[in-house]
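So the chains spell out like this:
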Amino acid sequence: DEYLFHTYIQDICQRLLGDTVNLKDEQIIFALSDQNVANAAFSHNKKDTFKIIYLTEGMLNMCENEDQLAFVLAHELGHYEEYKRQSLHQNTKAEETAADLRAIQKMAKAGYNLEEAHKIAAKLFNSSYISIESLKDPHTNDKTRVNTIDAMIIATRKQVIL
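Residues numbered from 1 in each chain as written. Predicted model: local features only at pLDDT ≥ 70, side-chain atom pairs only at ≥ 80, totals over all residues. Heavy atoms only, no water.

Q: Before we move on, can you summarise helix H4 (residues 93–110) with the specific residues and values?
A: Spacing of three or four residues puts side chains on the same side of an α-helix, whose turn is 3.6 residues. Spanning 18 residues, H4 covers 26 Å between terminal C-alpha atoms, matching the ideal 26 Å at 1.5 Å per step. By the burial criterion, the buried members of H4 are Glu95, Glu96, Ala99, Asp100, Ala103, Ile104, Lys106, Met107 and Ala110. Glycine 111 sits one or two positions beyond H4 and adopts a positive phi of about 85°. (Helix = DSSP H or I, 4+ residues; strand = E, 2+ residues; numbered from the N terminus. Expected span 1.5 Å × (residues − 1). Buried < 20%, exposed > 50% of the residue type's maximum accessible area, 1.4 Å probe, protein only.)

Q: Give me the nonpolar core: which residues, what numbers.
A: Judged by nonpolar contacts, the single largest core of 40 residues is most densely connected at Ile9, Leu16, Phe30, Leu55, Phe71, Leu73 and Ile104. Elements supplying a minimum of two residues to this core: helix H1 (2–17), strand E1 (28–33), strand E2 (40–44), strand E3 (51–56), helix H3 (66–86), H4, helix H5 (114–125) and helix H7 (143–161). Top contributing element to this core by residue count: H3, with nine residues. (Core = buried A, V, L, I, M, F, W, Y, C linked by side-chain atoms within 4.5 Å.)

Q: Which residues make up the environment of phenylalanine 42, and what values do they have?
A: Following the sequence through the fold, phenylalanine 42 ends up in strand E2. Take phenylalanine 42: its relative accessible area is 5%, and that puts it in the buried class.

Q: Lay out the packing of aromatic side chains with the relevant residues and their values.
A: The final tally for this structure, using the stated rule, is two aromatic pairs. Here the aromatic rings of phenylalanine 42 and tyrosine 80 are separated by 6.1 Å at their centres, their planes lie at 65°, and the arrangement is edge-to-face. Of the two residues, phenylalanine 42 is situated in strand E2 and tyrosine 80 in helix H3; the sequence distance between them amounts to 38 residues. For the pair formed by phenylalanine 42 and tyrosine 80, the shared burial category is buried. Connected via pairs of aromatic rings, a cluster forms that spans Phe42, Tyr80 and Tyr83. (Phe/Tyr/Trp six-rings, centres within 6.5 Å; stacked < 30°, edge-to-face > 60°.)

The values reported here are purely geometric and, on their own, carry no functional implication.
The structure is reproduced here in C-alpha cells:
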C-alpha cells in the first residue's frame, strides 16, 4: 500500500532528523520504483516546489532490516540537508562522502545499529573492480567507500563514548 510505504519511510526519516526538521512541514515526496536494481536517490525539481527521495524495490529487498534501510535513507537525507543549506545538489565525490558521514551521525543519534550500516555498505560497495567509467562516477562504489564508512563508524563511536 502506497500510503503505508510513505508513512513508514517518513517515520524513519523523522527519527533520523530528530527535532531539526519537521517532515510534515517539508515538501518531500517518498517514491518507490519497481526496478530490481538496488538504488536510492535524492532529487528536486527546478522550481523547488518539491523534493523527492526515491528508492527502488531492489534496494528495499537488499536491506535486511530497518537499520540498514535507515542508513540508505540517512544518506539521501544528507543530500537533502546539503541542498537545503546551499540550494545546490552537485553529486560530487565529496558530497557523497559527506552524505555518508551525515548518515552515520544521524543513525547514531537516532539509536540505530551502526554495524548494520557497515553490512549494507559492504553489500552495495564491496567490489575491488574499478573501471575508467567508475572513476568519473561521483559514487565511489568499491571497497574504498566501505572502508571510509567503517572509519566514520569508528570515529562516531568514539565521539559517543567521550
